[in-house]
Amino acid sequence: KLSIVLLDGEAKEVRKIATDLDRQAHAAVSPDGKLLAVWGQAEVRGGAAAPPAPEVVLYDAKTAKRTGVLELEGQAIRAAFSPDGKRLTVSEQMG
């Protein structure tokens with residue numbers, strides 16, 4: 001399983017967040033640093049790559065606890081928080 005590592009301004013590890021992903025993990029941090037959005041790709045049996053998971057998982061960056069899951073119809077490609085941190089925009093690929 002892959003982890004997302006949060007670093008401070010001096011490149012020192014602040015927190016490591018374990019994910020359910022095996023092959024790829026992408027992340028976006030909210031402007032206030034409180035939330036982390038994670039999406040990516042898991043591995044299926046036989047070592048073949050599964051399609052990207054149809055969800056974006058939100059974590060509390062301080063506690064590393066899951067705080068929510070955004071279910072998608074397609075596959076998450078990119079995600080970004082708005083400048084005020086109140087919204088998360090997700091690009092998804094359909095079909």
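Cut-offs used in this document
- Residues numbered from 1 in each chain as written.
- Predicted model: local features only at pLDDT ≥ 70, side-chain atom pairs only at ≥ 80, totals over all residues.
- Heavy atoms only, no water.
- Core = buried A, V, L, I, M, F, W, Y, C linked by side-chain atoms within 4.5 Å.
- Buried < 20%, exposed > 50% of the residue type's maximum accessible area, 1.4 Å probe, protein only.
- Helix = DSSP H or I, 4+ residues; strand = E, 2+ residues; numbered from the N terminus.
- Contact = heavy atoms within 4.5 Å.

Visitor: So what about the nonpolar core? Which residues, and what values?
Guide: By size, the foremost hydrophobic cluster in this structure holds nine residues: Ile4, Leu6, Ile17, Leu21, Leu36, Val38, Val57, Tyr59 and Ala61. Secondary structure elements with two or more residues in this core: strand 1 (3-7), strand 4 (35-43) and strand 6 (55-60). What Leu36 contacts, discounting residues up to four positions off in sequence, is Ile4, Leu6, Ile17, Ala27, Ala28, Val29, Val57, Leu58 and Tyr59. One finds Ala28, Leu72, Ala76 and Phe81 within the second-largest nonpolar core, a separate group that totals eight residues.

Visitor: Account for unusual backbone geometry, naming residues and giving values.
Guide: In most cases, non-glycine residues show a negative phi, while peptide bonds are predominantly trans. Unlike most non-glycine residues, Ala11 shows phi in positive territory, near 65 degrees. Along the chain, the position of Ala11 falls in the loop between strand 1 and strand 2 (13-18). Residue Ala11 is classed as exposed on the basis of its relative accessible area of 55%. Non-glycine residue Ala64 carries a positive phi angle of around 65 degrees. Mapped onto the fold, Ala64 is located in the loop between strand 6 and strand 7 (66-71).

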